[in-house]
Amino acid sequence: MNLLAVRILFIVASTLIGYQTMDPRDLGILGALIGIVASGIIILVEMGMRRISMRGLSSTVFGLILGLIMAKLVTDAFILAPISSASLSMIRVTLTLIFCYLGMVIGLRGKDEFNIIIPYVRLRRQDQSEELTLVDTSVIIDGRIMDICKTKFLENKIVIPKFVLKELQQIADSTDPIKRQRGRRGLEILHTLQKEMVQDIMLHEEELPDIPEVDAKLVKLAKILEAKILTVDFNLNRVASLQGIKVLNINELANALKPMVFPGEQMRIKLLKEGKEHNQAVGYLDDGTMVVVEEARRLIGQEVRVVVTSVLQTQAGRMIFTKIER
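Here's what I pulled together on the structure shown here. (Residues numbered from 1 in each chain as written. Predicted model: local features only at pLDDT ≥ 70, side-chain atom pairs only at ≥ 80, totals over all residues. Heavy atoms only, no water.)

1. Section: the overall build of the protein chain
Looking only at helices and strands, one finds eleven helices and eleven strands in the protein chain. Looking at the protein chain alone, contacts between residues at least 24 apart form 60% of all its contacts between residues at least 6 apart. Split by element, the accessible area of the protein chain, about 21,100 Å² in all, is 61% carbon and sulfur. (Helix = DSSP H or I, 4+ residues; strand = E, 2+ residues; numbered from the N terminus. Contact = heavy atoms within 4.5 Å. Areas by Shrake-Rupley, 256 points an atom, 1.4 Å probe, with all protein chains shown as cover.)

In structure tokens, the structure reads:
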């Protein structure tokens, strides 16, 4: 049953109730019209509440219940005082209104921190906690997440936030052909992931509209869900780490898995272009590691035998410095 069928059923039921409530012989038609109008107004209100999230609604209800409890406790304290019934009734109404308002406002403002509120309540044992990993746009476009998932190194459930999917769609619709190609590649990778790993992929609906930047939203959602972040973005890695969130960076994993080389080791490398410094030439290993060869600019385009002199590890990756073997 879809949403349209539910609305039609509600209108029909409201019409019948309105017809039966009034005298069917004299005012039945009027009652039916009242039922139709009332149901239409309720449906319009429901359509206007489309942007209200379930978490926001549950936070408001939580705050309202908390306000009612506080109002009841404070009002009971006034019963001990010699106050007339009329004054006590006025105090009860006033305190109930004030505490309900404050409770609803506090509930809405602190909805991101309420892990006990539906739909974030986690009824599970502490030794059976479910590990979640949020992915950002860069790691989807990068594509290596596919191979990592196939090797089963990433056992956590992968969570794709809705705002990440929206950003990916915006990139795919960009007027820039390079961005458009990257966005479409990301959507294809995401489609393949969902197709091949149905049980381990889930889409999270929370959009956090109060936070404008996607990276800030990702960090906030990771805090709420107590999840890790999978990324290749260096800046997001730093920001999330500073806020105590565990980050899985594919670039760091790739650098850690590159074969080790030591000074004095020999290798063959094809020189492809000039280096930054005078008379340098640059080549690359099969894994993408840059090899800088001193005094070799004249040999660009050739395959030469070199000896490793030093290895430099940077945030961008590993650089190997060599010289021509004599």
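2. Description of the side chain of Thr-133
The residue Thr-133 is located in strand β1 (residues 132–135) in this model. Given the relative accessible area of 0%, Thr-133 is considered buried. Ignoring anything within four residues of it in the chain, the contact list for Thr-133 reads Leu-154, Asn-156, Lys-157, Ile-158, Val-159, Lys-228, Leu-230 and Leu-248. (Buried < 20%, exposed > 50% of the residue type's maximum accessible area, 1.4 Å probe, protein only.)

3. Observations concerning the side chain of Gln-280
Structurally, Gln-280 is set in the loop between β7 (273–274) and β8 (281–284). Beyond its immediate sequence surroundings of up to four residues, Gln-280 is in contact with Glu-274, Gly-275, Val-292, Val-293, Glu-294 and Arg-297.

4. With respect to the pattern of salt bridges
If you walk through the whole model with that rule in mind, you get four salt bridges. Across the pair Arg-144 and Asp-142 runs a salt bridge whose closest N-O atoms are separated by 2.7 Å. Its relative accessible area of 30% is what places Arg-144 among the partly exposed residues. A residue is classified by how much of its surface remains accessible, and Asp-142, at 24% relative accessible area, is partly exposed. One salt bridge in this structure joins Arg-268 and Glu-303, with 3.1 Å as the shortest N-O distance. Of this pair, Arg-268 sits in strand β6 (residues 266–270) while Glu-303 sits in strand β10 (residues 303–314), and the two are 35 residues apart along the sequence. (Salt bridge = Lys/Arg side-chain N within 4 Å of Asp/Glu carboxyl O.)

5. Details of the sheet that holds strand β2 (residues 157–161)
Taken in spatial order, the five strands line up as β3-β2-β1-β4-β5 in an open sheet, and their pairing is parallel. Since the sheet does not close on itself, it has two edges, and those belong to β3 (201–204) and β5 (247–249), each with one partner. Recorded for the sheet is a direction-independent mean angle of 30° between the axes of neighbouring strands. When β1 meets strand β4 (residues 228–231), the two strands line up parallel, connected through three bridges. Within β4, the residue paired with Val-135 across the bridge is Leu-230. Sitting on the sheet, helix α7 (residues 162–172) touches β1, β2 and β3, and the angle it makes with β2 is about 60°. Sitting on the sheet, helix α11 (residues 250–257) touches β4 and β5, and the angle it makes with β5 is about 55°. (Pairing = 2+ DSSP bridges. Axes fitted to C-alpha atoms, helices over the stretch in contact; angles between N-to-C directions.)

6. A short note on the pairing of β4
Sheet topology note: the β4/β5 ladder contains three bridges and is parallel. In the sheet register, Thr-231 faces β5, and the bridge partner there is Asn-249. Viewed along the sheet, the connection from β4 through helix α10 (residues 234–242) into β5 turns out right-handed. (Right-handed = clockwise from strand over helix to strand, strands pointing away.)

7. A short note on the environment of Arg-7
Looking at where Arg-7 falls in the secondary structure, it is placed in helix α1 (residues 3–21). When its relative accessible area of 19% is taken as the criterion, Arg-7 is described as buried. It is 7.3 Å that separates the C-alpha atoms of Arg-7 and Ile-43, two residues lying 36 residues apart in sequence.

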